[in-house]
Amino acid sequence: MTTIRPLAAGNWKMNGLTASVAEIAAIAEAAAREAGGADVLICPPATLISAACSAAAGRIAIGGQDCHARASGAHTGDISAEQLKDAGASFAIVGHSERRADHGESDEVVRAKAEGALRAGLTAIVCVGETHLQRESGQTLAVVGAQLAGSLPHGGKATNLVVAYEPVWAIGTGLTPTLADVAEVHNFIRHELIDLLPGEGAAVRILYGGSVKPANAAELMAVENVNGALVGGASLTAKDFLGIASVYK
Ligand code: PEP
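Looking at an unreviewed UniProt entry, the protein carries the name Triosephosphate isomerase, with the source organism given as Candidatus Rhodoblastus alkanivorans. A UniProt comment under Subcellular location (unreviewed entry) is attached to the protein, and it reads "Cytoplasm". According to the UniProt record, the Subunit (unreviewed entry) comment for the protein is "Homodimer."

Here you go:
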């Protein structure tokens, strides 16, 4: 059986000003002591990446929340993976459901962004997940399977690719799937990864995301093929995020 080192990742979304970098310093300071069994990552807004890297001082990883597919060019307001890397990031989230919904990002666009991340030497965290309607109509595995087939980058490996399963209806709502439902989807993703990425898929990390809190982290992280968490709201304070990451003492 492959041993997979877990990843506890925080996604700050459009939250955080300069003062919030103190939370990153606190997370970095405590991470080795309280979450030594996992890699720890915070993805702040792009404006804070450089300051976050200074505060982290290599003790935790810092990532971007999105990247453009191209390395440079006339794309006002966008940020390339190369620019994230230059600012000190080592990961980029791509295909978050908020990007897919707010910016109409298709699987094809997400794949191009993920390939941009790999080209720049970043690890891509590719997000997938069904809406409430899709779950209610029994389409969860079909939707997630299509997103994986359409969004995973060519050249994805265990060392440069992470998949995050985030049911859209669980993000920021306080709702979570049952543990059996999480297991079903994560086991399905594992099988798909093994098929799509021969020789690599068995070791790619699969994160669960959607209303992970200190109170439910241990049970969610214990589910088969859950190799860590992607955390939104509860990653904004060191106290809550460490309450989750410390599952991996
Ligand atoms: C997310 O946005 O990736 C997320 C999982 O958010 P939350 O933890 O707030 O549900």
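Picking up where we left off.
Explain the UniProt feature "binding site: substrate" (unreviewed entry) in the protein here, please?
In this numbering, the UniProt entry assigns the feature "binding site: substrate" (unreviewed entry) to Asn-11, Trp-12, Lys-13, Gly-172, Ser-211, Gly-232 and Gly-233. The greatest C-alpha distance among the annotated residues, which extend across 223 residues, is 14.1 Å, indicating that they converge on a single site. Lining of the largest pocket among the annotated residues: Asn-11 and Lys-13. Since its relative accessible area comes to 1%, Trp-12 is described here as buried. If we ignore the near neighbours within four places in the chain, the residues touching Trp-12 are Ser-20, Glu-23, Ile-24, Ile-42, Cys-43, Pro-44, Pro-45, Leu-48, Gln-65, Ser-235 and Leu-236. By the secondary structure assignment, Gly-232 is in the loop between β8 (228-231) and α10 (238-245). Residues within four places of Gly-232 in sequence aside, it is in contact with Asn-11 and Lys-13.

Where do I start with the site of the ligand in this structure?
In the region of the ligand, 14 residues are neighbours, and Lys-13, Glu-166, Gly-172, Ser-211 and Gly-232 sit closest. Take Glu-166: an N or O atom from its side chain is 2.7 Å from an oxygen atom of the ligand. For the ligand, whose accessible area on its own is 290 Å², the fraction buried by protein is 97%. Along the lines of polarity and charge, the residues of the shell around the ligand split into four nonpolar, eight polar and two charged.

Help me understand the UniProt feature "active site" (unreviewed entry) in the protein, please; the structure alone is not making it clear to me.
Per the UniProt entry, the sites bearing "active site" (unreviewed entry) are His-96 and Glu-166 in this numbering. Maximum C-alpha separation among the annotated residues is 8.4 Å over a sequence range of 71 residues, consistent with a single clustered spot. Checked against the lining of the largest pocket, the annotated residues just named reduce to His-96. In this structure, His-96 is in contact with Asn-11, Lys-13, Cys-127, Glu-166 and Ile-171, ignoring residues within four places of it in sequence. Tracing the chain through its elements places Glu-166 in the loop between β6 (161-165) and α8 (179-196). Overall, Glu-166 belongs to the buried group, its relative accessible area being 5%. Those residues within four positions of Glu-166 in sequence are excluded, and the remaining contacts are His-96, Cys-127, Val-128, Gly-129, Glu-130, Ile-171, Gly-209, Gly-210 and Leu-230. A polar contact is formed between the side chain of Glu-166 and the side chain of His-96, at a distance of 3.3 Å.

Sorry, what's going on with the pattern of salt bridges here?
Should their charged atoms come close, side chains of opposite charge can pair. Applying the stated criterion across every chain yields a total of 13 salt bridges. Residues Glu-98 and Lys-13 are paired through a salt bridge, measuring 2.8 Å at the closest nitrogen-oxygen approach. Taken together, the positions of Glu-98 in helix α4 (residues 97-102) and Lys-13 in the loop between β1 (7-11) and α1 (21-34) put the pair 85 residues apart, joining distant regions of the chain. The residue Lys-113 makes a salt bridge to Glu-105 at a minimum N-O spacing of 2.7 Å. Across the pair, Glu-105 and Lys-113 agree in class, each one buried. Members of the salt-bridge network, linked through shared partners, are Asp-66, Arg-99, Glu-105 and Lys-113.

The rules behind each value
- For every chain, the first residue of the written sequence is number 1, and numbering continues from 1 onward in sequence order.
- Confidence filtering applies because this is a predicted model: local features only for residues at pLDDT of at least 70, side-chain atom pairs given and counted only at 80 or more, and all residues used for totals across whole chains, interfaces and linings.
- Side-chain measures were taken over the full set of non-hydrogen atoms in the model, leaving aside hydrogen atoms and water.
- UniProt positions are given in the numbering used here, feature names are shortened, and annotations may be inferred rather than shown by experiment.
- With a 1 Å grid spanning the protein atoms alone, the term cavity applies to any set of points in which a 1.4 Å probe fits but cannot get out, the term pocket to an open set with protein on both sides within 12 Å along at least five of seven lines, and the term lining residue to any residue with an atom within 4 Å of a point.
- Whether a residue is buried, partly exposed or exposed follows from its accessible area with a 1.4 Å probe, protein chains only, as a fraction of its type maximum: under 20%, in between, or over 50%, in that order.
- The contact criterion used is simple: two residues touch if any of their non-hydrogen atoms lie within 4.5 Å.
- Numbering of helices and strands runs from the N terminus, with a helix taken as a DSSP run of H or I at least four residues long and a strand as a DSSP run of E at least two residues long.
- Residue proximity to a molecule or strand is established when one non-hydrogen atom of the residue lies within 4 Å of it.
- Polar contact criterion, stated in full: a pair of N or O atoms within 3.5 Å, where within protein one must be able to donate a hydrogen and the other to accept it, and residues adjacent in sequence count only if both atoms are side-chain atoms.
- Note on areas: Shrake-Rupley with a 1.4 Å probe; residue coverage comes only from the protein chains shown.
- In this classification, Asp, Glu, Lys and Arg are treated as charged, Ala, Val, Leu, Ile, Met, Phe, Trp, Tyr, Cys and Pro as nonpolar, and every other residue, Gly included, as polar.
- A carboxyl oxygen of Asp or Glu within 4 Å of a side-chain nitrogen of Lys or Arg is what we treat as a salt bridge.

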